[in-house]
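# Architecture at a glance
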Amino acid sequence: MEPVSSEDRVALREDDMPKARGRPESDASGETDILRFRAEFRAEISAMRQDLQFAVQILRAEMRAGDAEIRRYMRVLHEEVLSRIAAVHRR
């Protein structure tokens with residue numbers, strides 16, 4: 001089963017709205033409701049996308065900072081292990 005895009009889902013909902021309310025499909029007020037719903041839906045989706053993009057940018061920055069810190073810590077541990085190996089070989 002293929003995933004259904006959000007636009008296809010909106011189109012399906014629009015087709016069902018006049019029937020669900022008991023209105024004929026040619027009813028102008030029903031069409032107005034559909035257009036209003038569609039505009040609101042698009043605005044909400046757009047806002048969600050912007051929020052997600054901002055969150056992704058923050059997470060990437062935090063990951064980069066964490067990576068640098070981990071690399072520094074790994075270097076310190078590596079140097080410590082090398083010094084211990086050298087100490088064992090000197091004995």
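For the structure itself, look to the data block above.
Residues numbered from 1 in each chain as written. Predicted model: local features only at pLDDT ≥ 70, side-chain atom pairs only at ≥ 80, totals over all residues. Heavy atoms only, no water.

## Description of the overall build of the protein chain
When helices and strands are counted, the protein chain shows two helices and zero strands. Put simply, the protein chain has 91 residues, and 8% of those count as buried. For the protein chain, the accessible surface area stands at approximately 8,400 Å², while carbon and sulfur atoms represent 56% of it. (Helix = DSSP H or I, 4+ residues; strand = E, 2+ residues; numbered from the N terminus. Buried < 20%, exposed > 50% of the residue type's maximum accessible area, 1.4 Å probe, protein only. Areas by Shrake-Rupley, 256 points an atom, 1.4 Å probe, with all protein chains shown as cover.)

## With respect to the pattern of salt bridges
Within this structure, the stated rule accounts for two salt bridges. Notably, a salt bridge pairs D33 with R36, separated by 3.3 Å at the nearest N-O pair. Residue D33 and its partner R36 are located together in helix α2 (residues 28-90), separated by three residues, close to a single helical turn. Of the charged contacts in the structure, one is a salt bridge between R84 and E80, with a shortest N-O distance of 2.8 Å. Placement of both R84 and E80 in helix α2 is noted, with a separation of four residues, approximately one turn of the helix. For R84, a relative accessible area of 55% corresponds to the exposed category. (Salt bridge = Lys/Arg side-chain N within 4 Å of Asp/Glu carboxyl O.)

## Describing a nonpolar patch on the surface
Judged by side-chain polarity, V81, L82 and I85 come together as a nonpolar surface patch covering roughly 250 Å² of accessible area. Along the polypeptide, I85 turns up in helix α2. Judged by its relative accessible area of 42%, I85 is partly exposed. (Patch = residues over 30% accessible without salt bridge, like charges linked within 9 Å, V, L, I, M, F, W, Y side chains within 5 Å.)

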